[in-house]
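A look at the structure
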Amino acid sequence: MNQKEAWNRLYKKNQNKWRMETLGLPKIINGKNILEIGVGNGKTLKSIIELKPAKVTAIDLSEEAVKNAKKKFSIENESIKIRVADVTRLPFKKGEFDIVVCYYILNNLIENERKKAVKEMHRVIKPGGKVIFEDFALGDFRQKEELKRVEENTLLKNDGIICHFFSIAELKYIFSDFRNKKFTKKISYPITHKKELERVIISGKMQK
Ligand SMILES: C[S@@+](CC[C@H](N)C(=O)[O-])C[C@H]1O[C@@H](n2cnc3c(N)ncnc32)[C@H](O)[C@@H]1O
């Protein structure tokens, strides 16, 4: 299924799919010009705004996500812009942003799109600018064997959405045009009575 359609369908059904707060964004966001990729239901955007960036632009492939996010965040506020765009073809100039926040979006792309997305992020970041990254890692409980395999470590979920699981080696490879790369794998158990449900994520930072 077309991914835009799958996301629009999901947001029409449930606007508040993810409830957990996005914690631990770095304070360097303060006073900077930020691009958030894949705004979704705005939980990471909320945390970005709390850190008082100079300007924030948030994009999403899904018109439904953008419509909902615009309702939640003040669209009259000149310093917050929310618009439909595809990360593989960013409608921005070279070197426009200080920081790109890329949380749980690259996993929704197939391999050639992930590569294009990273190239586009590199293009729109200023020299010395940074990417702040977080996404699913190999071994996360969502990587279920019964789901259809689309590519290596990439599954098609029952809702029609693609989900990829990263290793640190793959991330170092796709972000090879960036320097000062630092990735950390974190394991947690989100449901206390279901210890077999291991949440495995990778956080990272890198610089142009
Ligand atoms: C899991 S949500 C991420 C939510 C948000 N970043 C957060 O941390 O809460 C992934 C979002 O990426 C969007 N997306 C998927 N493919 C995209 C693409 N090619 N370009 C831009 N956004 C995309 C989806 O529509 C969805 O809203």
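The structure we're discussing is the one just above.
Report on the accompanying structure. Every chain's residues receive numbers from 1 upward, in the order its sequence appears when written. Local features in a predicted model are, by the rule used here, given only for residues with pLDDT of at least 70; side-chain atom pairs are given and counted only at 80 or more, and totals for whole chains, interfaces and linings are based on all residues.

**Focus: unusual backbone geometry**
Phi angles above zero are rare outside glycine, and Asn-153 is one such case at about 60 degrees. Only DSSP runs of H or I covering at least 4 residues are called helices, and only runs of E covering at least 2 are called strands; the numbering of each starts at the N terminus. In this fold, Asn-153 is placed in the loop between strand S6 (148-151) and strand S7 (154-156). Located in the positive-phi region is Asn-180, a residue other than glycine, with phi close to 45 degrees. Residue position: Asn-180 is located in strand S9 (residues 179-188).

**Comments concerning helix H4 (residues 111-124)**
The length a helix should cover is 1.5 Å for every residue beyond the first. In a regular helix each residue adds 1.5 Å, so 14 residues correspond to 20 Å; H4 covers 20 Å between its end C-alpha atoms and thus fits that length. By the convention adopted here, residues make contact when the C-beta atoms placed from their backbones lie within 7 Å. Those residues of H4 that are buried are in contact with strand S1 (33-37), strand S4 (97-103), strand S5 (125-136) and helix H5 (168-174).

**Remarks on the sheet that holds strand S8 (residues 162-164)**
Two pairing modes exist for strands in a sheet, parallel and antiparallel, and in both the strands are linked by backbone hydrogen bonds. When DSSP finds two or more bridges between two strands, those strands count as paired. Spatially, three strands are ordered S6-S7-S8 in an open sheet, and the strand pairing comes out antiparallel. The sheet is open, and its two edges are formed by S6 and S8, each paired on a single side. Taken over all neighbouring pairs, the strand axes of this sheet differ in orientation by 35 degrees on average, direction set aside. Two elements, S6 and S7, share three bridges in a ladder whose sense is antiparallel. For helices, the fitted line uses only the C-alpha atoms of the stretch in contact; every axis is such a line through C-alpha atoms, and the angle between N-to-C directions lies from 0 to 180 degrees.

**Considerations on the nonpolar core**
Counting 39 residues, the largest nonpolar core has Ile-34, Val-100, Val-101, Cys-102, Met-121 and Val-131 as the members making the most contacts within it. Apart from residues lying up to four places away in sequence, Ile-34 is in contact with Ile-29, Ile-48, Pro-53, Lys-55, Val-56, Phe-97, Asp-98, Ile-99 and Val-101. What we call a nonpolar core is a set of buried Ala, Val, Leu, Ile, Met, Phe, Trp, Tyr and Cys residues whose membership is set by joining through C-beta atoms within 7 Å. The burial label depends on the number of other C-beta atoms within 10 Å of a residue's C-beta. Counts of 20 or more mean buried, 12 or fewer mean exposed, and intermediate counts mean partly exposed, with C-beta atoms placed from the backbone.

**Quick word on the environment of Ile-125**
Structurally, Ile-125 is set in strand S5. We classify Ile-125 as buried; it has 24 C-beta atoms within 10 Å. Along the backbone, Ile-125 and Glu-5 are 120 residues apart, and their C-alpha atoms lie at a distance of 29 Å. Setting aside residues up to four positions removed in sequence, Ile-125 forms contacts with Gly-95, Phe-97, Val-100, Val-131 and Lys-208.

**Some words on the pairing of S5**
Counting buried residues along S5, nine of its twelve residues qualify, which places the element largely inside the surrounding structure. Bridge count for S4 against S5 is six bridges, and the pairing is parallel. When the bridges of S5 are listed, Ile-99 appears paired with Lys-130. Chirality of the crossover, the property in question, places the unit of S4, H4 and S5 among those that are right-handed. Summarising the sheet, S5 and strand S10 (residues 199-207) pair through seven bridges and their orientation is antiparallel. What sits directly across from Lys-130, in S10, is Gln-207. Think of it like this: strands point away, you trace from the first strand over the helix to the second, and a clockwise trace means the crossover is right-handed.

**Description of the site of the ligand**
What surrounds the ligand is a group of 22 residues, the closest being Gly-38, Gly-40, Thr-44, Leu-61 and Tyr-103. Elements with a minimum of two residues in the shell around the ligand: helix H1 (3-13), helix H2 (43-50) and strand S2 (55-60). For the shell around the ligand, the per-class residue count stands at eleven nonpolar, eight polar and three charged. Only the C-beta atom matters for nearness: placed from the backbone, it must lie within 6 Å of the molecule or strand for the residue to count as near. Residues are sorted three ways: Asp, Glu, Lys and Arg are charged, Ala, Val, Leu, Ile, Met, Phe, Trp, Tyr, Cys and Pro are nonpolar, and all the rest, Gly among them, are polar.

Keep in mind that these numbers describe shape and distance, not what the molecule does.
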